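Structural characterization, general
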There are 2 protein chains.
Amino acid sequence: MKIIVDAMGGDNAPGEIVKGAIQAAKARPGLEIVLVGKEAEVRAAAAAAGGLPAAATVVNATQVIDMHDDPATAFKTKKDSSMTVGLTMLKNGEGDAFVSAGSTGALLSGGTLVVKRIPGIRRAAMAPHLPTAGSGLVLVDCGANAECTVEYLVQFAYLGSFYAEKALGIERPRVGLLNIGTEDSKGDTLRQETYRVLREAGDGGHLNFIGNIEAKEAIKGGCDVVVTDGFSGNVMLKTIEGVGSFMGKELKKMFLSSIKTKIAALLVKGGLGAFKERLDPDTIGGTPFLGLRKPVIKAHGSSGARAIENAVYQAVTAAEADLAGQIEANIGLMRVGR
Amino acid sequence: MKIIVDAMGGDNAPGEIVKGAIQAAKARPGLEIVLVGKEAEVRAAAAAAGGLPAAATVVNATQVIDMHDDPATAFKTKKDSSMTVGLTMLKNGEGDAFVSAGSTGALLSGGTLVVKRIPGIRRAAMAPHLPTAGSGLVLVDCGANAECTVEYLVQFAYLGSFYAEKALGIERPRVGLLNIGTEDSKGDTLRQETYRVLREAGDGGHLNFIGNIEAKEAIKGGCDVVVTDGFSGNVMLKTIEGVGSFMGKELKKMFLSSIKTKIAALLVKGGLGAFKERLDPDTIGGTPFLGLRKPVIKAHGSSGARAIENAVYQAVTAAEADLAGQIEANIGLMRVGR
């Protein structure tokens with residue numbers, strides 16, 4: 001298993017990226033890492049992280065795509081960027097999956113145009129695995145496609161279900177359509193029509209479709225996969241992050257407010273740590289782009305070494321799961337007439 | 001000031017509704033309450049709550065709209081329901097505002113068709129005031145209109161801004177368009193076109209438009225009014241509720257996990273209480289329907305007495321603010337050509 005890592009993408013590149021990738025290579029025997037980026041910088045970062053292990057190699061790429069580049073064209077105009085070189089290696093079979101903490105838009109465009117979508121899949125979708133009251137929640141799409149058709153949403157349902165089953169090990173994942181109520185007739189036209197098609201897929205035994213679900217119930221663990229357009233999915237994702245951060249800060253303020261509460265903070269230190277760990281995006285690592293021919297994992301822009309290490313493991317799991325094979329075998333179910 | 005209260009709406013009607021309304025009547029000299037509902041039941045509930053004060057009267061209504069009624073037609077088919085009678089009284093000037101914890105859909109249909117929209121306003125919107133890191137956030141729309149046009153969203157921006165300024169006392173409320181990024185070109189066509197119109201309104205000095213805003217930044221206190229379609233607004237609202245409830249439960253579990261953490265819980269009891277109070281929807285009371293000729297306030301279905309008491313105060317504030325007058329005076333700004 002060989003994972004290609006964009007050593008130059010993200011706020012903490014190359015230092016933390018290289019460090020995290022090396023940690024993964026050391027921790028998992030048999031795992032090979034290819035670090036793509038400005039060779040001198042990557043080697044310096046590797047030296048700082050304790051040296052490059054035998055299982056890791058460096059591939060030189062002289063350019064870096066940054067936040068000022070146009071996401072739609074950056075991978076083309078910067079042909080020797082770490083992202084473009086890495087994606088091209090993935091396409092050419094010189095690795096099994098690609099991990100990058102660089103620009104989401106550039107990675108999505110590059111992934112779609114270099115690695116390419118699986119034939120019949122209309123759009124690639126972003127599907128983060130979020131901590132919830134249950135075993136977590138796959139949210140698909142969460143921002144790649146602001147404007148969606150019924151067919152996109154139906155495909156997201158299958159992509160999310162296959163991912164939850166094969167990469168996350170959830171049996172017969174419960175798929176819910178994000179909506180503003182649970183009755184069949186709820187929501188806008190897009191939701192009503194998608195509901196009908198997914199209901200048929202459920203009745204046909206192709207998906208474990210549980211119907212419409214509200215955001216609140218989804219977070220309570222009411223389903224394993226939430227299907228929605230990239231606009232509302234992104235709103236849900238960012239709201240989760242916002243409320244988590246807001247509540248975390250308020251709690252901190254409360255614990256710091258007096259001697260009594262500071263003593264309390266000491267008494268619950270372990271528990272609070274576990275709680276934070278559970279909600280920490282770094283524990284999960286990254287977000288897969290579903291629907292591409294090979295696994296591409298987007299790590300958080302602010303990823304530290306631990307997040308990158310986990311994103312590499314996630315890439316391994318995604319590559320082992322052979323989602324593309326399953327999607328190809330079932331593509332006939334994912335066509336929706338207009 | 002006379003507030004009409006639907007004594008039969010909500011999970012805890014009539015007991016808690018009547019109790020909360022009576023509490024408000026007793027607490028605020030000069031405030032009159034009209035309790036609409038099945039007279040014998042309302043009077044019994046009033047007796048249980050310590051008796052009907054002089055400032056409260058009962059108007060009999062023999063029917064109740066419940067969750068099994070079709071929201072779109074219930075207010076018509078049940079002409080003698082507490083909701084229909086109350087809304088009709090409001091329309092006829094027999095009160096200054098109406099509060100109900102009954103069916104949201106029925107109240108919205110009834111409000112729109114009995115009380116009616118202000119001429120030129122295309123849709124009424126629901127605008128809850130949510131606790132955030134700043135002085136709170138008005139979210140408009142949050143579920144009344146799943147499918148929106150540019151004109152609806154532009155009107156929501158003005159409605160929310162006027163409400164925040166006149167009813168909540170926020171000077172020059174910062175209005176943000178909920179989006180999946182902050183650049184002008186972000187989001188779907190609806191967002192891009194709405195952005196353009198709101199930018200013009202901001203440049204013209206009619207609105208304090210601060211541009212696109214992501215859900216996370218809005219929760220951090222980045223703006224005072226968030227404008228969006230009812231679908232994504234509802235997703236945001238329900239996500240806030242879901243994460244709040246999830247984190248609350250996890251914290252509780254953590255505090256109950258050992259003797260040490262139980263002692264910690266005792267030490268932070270006051271602080272945790274204030275924290276919960278701040279996030280408690282009952283503290284705010286209810287959600288106004290903006291764009292109607294007179295104030296209609298929807299209280300949570302699960303409202304207890306305290307939530308109803310606060311919703312009554314909110315109705316007083318809304319009535320005093322004379323939003324309708326301000327909206328009428330500015331309706332010319334709210335027309336958007338197609």
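Throughout what follows, the structure given in this document is the object of discussion. (Residues numbered from 1 in each chain as written. Chains lettered and ligands numbered in written order. Predicted model: local features only at pLDDT ≥ 70, side-chain atom pairs only at ≥ 80, totals over all residues. Heavy atoms only, no water.)

**Let's talk about the overall build of chain A**
- If you tally the helices and strands in chain A, you get 14 helices and twelve strands.
- By the compact-globule yardstick of 20 Å for 338 residues, chain A fits well, its C-alpha radius of gyration being 21 Å.
- With the principal axes as the frame, chain A shows a C-alpha extent of 60 × 60 × 40 Å.
- Within chain A, the proportion of its 338 residues that are buried is 56%.
- As displayed, chain A has an accessible area near 13,100 Å², and 51% of this comes from carbon and sulfur atoms.
- Side chains of chain A give 38 positive and 36 negative charges; the mean places of these two sets differ by 3 Å. (Helix = DSSP H or I, 4+ residues; strand = E, 2+ residues; numbered from the N terminus. Rg over C-alpha atoms; globule rule 2.2 N^0.38 Å. Buried < 20%, exposed > 50% of the residue type's maximum accessible area, 1.4 Å probe, protein only. Areas by Shrake-Rupley, 256 points an atom, 1.4 Å probe, with all protein chains shown as cover. Lys, Arg positive; Asp, Glu negative; His and termini not counted. Charge placed at Lys NZ, Arg CZ, Asp CG, Glu CD.)

**Description of the relation of the copies chain B and chain A**
- Here chain B sits on chain A after a turn of 180 degrees about the axis and a move of 0.0 Å along it, with an RMSD of 0.0 Å. In short, the pair behaves as if placed about a two-fold rotation axis. Using C-alpha coordinates, one finds that chain B approaches the rotation axis most closely at Ala264(B), a distance of 2.1 Å.
- Looking at the interface residues of chain B, 100% of them are also at the interface in chain A, so both copies use one shared face. (Least-squares fit on C-alpha atoms with pLDDT ≥ 70 in both. Contact = heavy atoms within 4.5 Å.)

**Regarding the sheet that holds strand β7 (residues 137-140) of chain A**
- Ordered by their spatial adjacency, five strands build an open sheet running β6-β7-β10-β8-β9 (chain A), and the pairing between neighbours is mixed. What marks the edges here is a single partner per strand, and that holds for β6 (129-130) and β9 (208-213) of chain A. (Pairing = 2+ DSSP bridges.)

**Observations regarding the pairing of strand β3 (residues 56-60) of chain A**
Residue and element names in this part refer to chain A.
- With five bridges connecting them, strand β2 (residues 32-37) and β3 associate as parallel partners. When the sheet's bridge partners are listed, Val-34 is paired in β3 with Thr-57.
- Of the crossover connections in this fold, the one passing from β2 over helix α2 (residues 39-48) to the parallel β3 is right-handed. (Right-handed = clockwise from strand over helix to strand, strands pointing away.)

**Remarks on the interface of chain B and chain A**
- Across the contact, 51 residues belong to chain B and 51 residues belong to chain A.
- Counting each side, the surface lost to burial between chain B and chain A is near 4,500 Å², with a carbon and sulfur contribution of 78%.
- Where chain B packs against chain A, one counts four salt bridges.
- One salt bridge connects Lys238(A) with Glu214(B), and the closest N-O pair in it is separated by 2.2 Å.
- One can count six residue pairs in polar contact (both at pLDDT 80 or more) joining chain B with chain A.
- Counting residues per element, the ones that place at least two in the side of chain B that touches chain A are α7 (189-203), α8 (215-219), α9 (230-255), α10 (259-267) and α11 (269-279) of chain B.
- Partitioning the side of chain B that touches chain A into residue classes produces 24 nonpolar, 15 polar and twelve charged. (Buried area = accessible area lost by both parts, 1.4 Å probe. Salt bridge = Lys/Arg side-chain N within 4 Å of Asp/Glu carboxyl O. Polar contact = N/O pair within 3.5 Å; in protein donor to acceptor, adjacent residues only side chain to side chain. Nonpolar A, V, L, I, M, F, W, Y, C, P; charged D, E, K, R; others polar.)

**Some thoughts on the sheet that holds strand β11 (residues 286-290) of chain B**
Residue and element names in this part refer to chain B.
- Strand order in the open sheet formed by seven strands is β3-β2-β1-β4-β12-β11-β5, and the pairing between neighbours is mixed. Each edge of the open sheet carries a strand with a single partner, namely β3 (56-60) and β5 (125-126).
- With three bridges connecting them, strand β4 (residues 97-100) and strand β12 (residues 296-299) associate as parallel partners. For Val-99, the partnering residue across the bridge sits in β12 and is Ile-297.
- Strands β1 (2-6) and β2 (32-37) of the sheet are contacted by helix α1 (residues 15-27), whose axis makes an angle of about 165 degrees with β2.
- Along the sheet, helix α5 (residues 104-115) makes contact with β4, β5, β11 and β12, crossing β12 at roughly 175 degrees. (Axes fitted to C-alpha atoms, helices over the stretch in contact; angles between N-to-C directions.)

**What to know about the packing of helix α10 (residues 259-267) of chain A against α10(B)**
- Contact geometry of α10(A) with α10(B) gives a least axis separation of 8 Å together with a crossing angle of 155 degrees. One element, α10(A), and the other, α10(B), form an angle in the roughly antiparallel class. Handedness of the crossing formed by α10(A) with α10(B): left-handed. In this structure, α10(A) uses Lys260(A), Thr261(A), Ile263(A), Ala264(A) and Leu267(A) to contact α10(B), whose residues at the interface are Lys260(B), Thr261(B), Ile263(B), Ala264(B) and Leu267(B).
- Per-class residue counts for the contact of α10(A) with α10(B) are six nonpolar, two polar and two charged. (Parallel < 35°, antiparallel > 145°, perpendicular 65-115°, else oblique. Left-handed = near helix turned anticlockwise from the far one by under 90°.)

**A look at the environment of Pro295(B)**
All names here are of chain B.
- For Pro-295, the position within the fold is in the loop between β11 and β12.
- Assessed through its relative accessible area of 18%, Pro-295 is described here as buried.
- The sequence separation of Pro-295 and Ala-319 amounts to 24 residues, and the corresponding C-alpha distance is 6.1 Å.

**A few points about the pattern of salt bridges**
All names here are of chain A.
- Evaluation of the coordinates by the stated rule reveals 22 salt bridges over all chains.
- The partner of Arg-122 in a salt bridge is Glu-151, and the shortest N-O contact between them spans 2.9 Å. Taken as a pair, Arg-122 in the loop between α5 (104-115) and β5 (125-126) and Glu-151 in helix α6 (residues 150-166) lie far apart in primary sequence, 29 residues in all.
- Owing to a relative accessible area of 4%, Glu-151 belongs among the buried residues under this scheme.
- The network of salt bridges with common partners includes Asp-188, Arg-191 and Asp-229.

**Regarding helix α4 (residues 82-91) of chain A**
Residue and element names in this part refer to chain A.
- The buried count for α4 comes to eight of ten residues, which makes it a mostly enclosed element.
- Turning to α4, its buried residues number three or more, namely Ser-82, Met-83, Thr-84, Val-85, Gly-86, Leu-87, Met-89 and Leu-90.
- Downstream of α4 by one or two residues, Gly-93 has phi in the positive range, about 85 degrees.

**Looking at the pairing of strand β8 (residues 174-178) of chain A**
All names here are of chain A.
- Counting buried residues in β8 gives four out of five residues, a clear majority hidden from the surface.
- As paired elements, β8 and β9 share five bridges and run parallel to each other. Directly across from Gly-176, in β9, lies its bridge partner Gly-211.
- Taken together, β8, helix α7 (residues 189-203) and β9 form a β-α-β motif whose crossover is right-handed.

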